[in-house]
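Close look at the chain arrangement
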Amino acid sequence: LRILVLHGPNLNLLGTREQGIYGSVALDAIDGDIVKLAEELSVEVDIRQSNHEGELVSWIQEARSGCHGVIINPAAYTHTSVAIRDALSAVSLPTIEVHLSNIHQREDFRHQSYVAGVALGQISGLGPAGYLLALRGLHGHLTARPP
Ligand code: DQA
């Protein structure tokens, strides 16, 4: 199994960015933990970060060949991007949306997610652990035997 893990804009600044909201763990450390769990689960992960909406769209499109699921923290694009939602819809791979902070507790403009409507599920507010829970959840989903 191969899973695409996408981090959206400004997540490259994790660890220094608004630590009160996003914590002090850097993106490299989060990615390291994802890789470790992936090895335990015998899953391949392709982890990428971009500050550009179109680049994220292209990577989602490319996932059609070779990837079985997507974990995405679309960051600010969560609340603005019909293009990312449409790309996820188009490839129709099971997708889990992750947010470090609890977006439902924050400003009103963060309450809406364009991605949630096409995602298998959303994990919001659990910090970096959210990515690991998403990986376990997606792995379970992809390996479940049909009833
Ligand atoms: C975020 C929440 C978004 O509202 C924000 O724009 C981000 C990060 C999170 O992980 O909590 O950049 O996706």
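Rules used throughout
Position numbers for residues start from 1 in each chain and track the written sequence from start to end. Reporting in this predicted model follows two pLDDT cut-offs: at least 70 for local features of residues, and 80 or more for side-chain atom pairs to be given and counted; totals over whole chains, interfaces and linings ignore these cut-offs and use all residues. UniProt positions are given in the numbering used here, feature names are shortened, and annotations may be inferred rather than shown by experiment. Secondary structure counts use DSSP, requiring at least four H or I residues in a row for a helix and at least two E residues in a row for a strand, with both numbered from the N terminus. With C-beta atoms placed from the backbone, a residue is labelled by how many other C-beta atoms lie within 10 Å of its own: buried for 20 or more, exposed for 12 or fewer, partly exposed between the two. Contact between two residues is assigned when their C-beta atoms, built from the backbone, lie within 7 Å. Expected span, for any helix, means 1.5 Å times one less than how many residues it has. As used here, the arc is the angular range of directions from the helix axis to the C-beta atoms. For each residue, a C-beta atom is placed from the backbone, and the residue is labelled near a molecule or strand when this atom is within 6 Å of it. Here the term charged refers only to Asp, Glu, Lys and Arg, the term nonpolar to Ala, Val, Leu, Ile, Met, Phe, Trp, Tyr, Cys and Pro, and the term polar to all other amino acids, Gly among them.

Looking at an unreviewed UniProt entry, the protein chain carries the name 3-dehydroquinate dehydratase, with the source organism given as Nitrospira japonica. Here is the UniProt Pathway (unreviewed entry) comment for the protein chain, exactly as written: "Metabolic intermediate biosynthesis; chorismate biosynthesis; chorismate from D-erythrose 4-phosphate and phosphoenolpyruvate: step 3/7."

1. With respect to the overall build of the protein chain
The helix and strand tally for the protein chain stands at five helices and five strands. N-terminal to C-terminal, the α/β element order of the protein chain is β-α-α-β-α-β-α-β-β-α. C-alpha atoms of the protein chain, sized along the principal axes, occupy 40 × 30 × 30 Å. Looking at the protein chain residue by residue over its 147 residues, the buried ones come to 33%. Within the protein chain, contacts between residues separated by at least 24 positions form 74% of all contacts whose residues are at least 6 apart in sequence.

2. Things to note about the UniProt feature "site: Transition state stabilizer" (unreviewed entry) in the protein chain
Taking the UniProt record as the reference, the feature "site: Transition state stabilizer" (unreviewed entry) is found at R17. Relative to the helices and strands, R17 resides in the loop between β1 (2–7) and α1 (19–22). Residue classification places R17 among the partly exposed residues on the basis of 14 C-beta atoms within 10 Å. Beyond its immediate stretch of four places on either side in the chain, R17 contacts N10 and Y22.

3. Brief notes about helix α5 (residues 129–143)
Taking 1.5 Å as the rise per residue, α5 with 15 residues should run 21 Å; its terminal C-alpha atoms sit 21 Å apart, in good agreement. Of the residues making up α5, those classed as buried are G130, Y131, A134, L135, L138 and H139. Buried residues in α5, looked at end-on, bunch into an arc of 165°, giving them a common side. Projecting away from the buried face of α5 at angles above 90 degrees are the exposed residues G140 and T143.

4. Topic: the site of the ligand
The environment of the ligand is made up of N10, N73, A75, A76, T78, H99, L100, S101, I103 and R110. Split by residue class, the shell around the ligand holds four nonpolar, five polar and one charged.

5. Notes on unusual backbone geometry
A positive phi angle is found at N10, which is not glycine, with a value near 75°. The exposure class of N10 is partly exposed, given the 14 C-beta atoms found within 10 Å. One non-glycine residue, S42, adopts positive backbone phi at about 55°. Following the sequence through the fold, S42 ends up in the loop between α2 (27–41) and β2 (44–49). By the C-beta count within 10 Å, which is 9 here, S42 ends up exposed.

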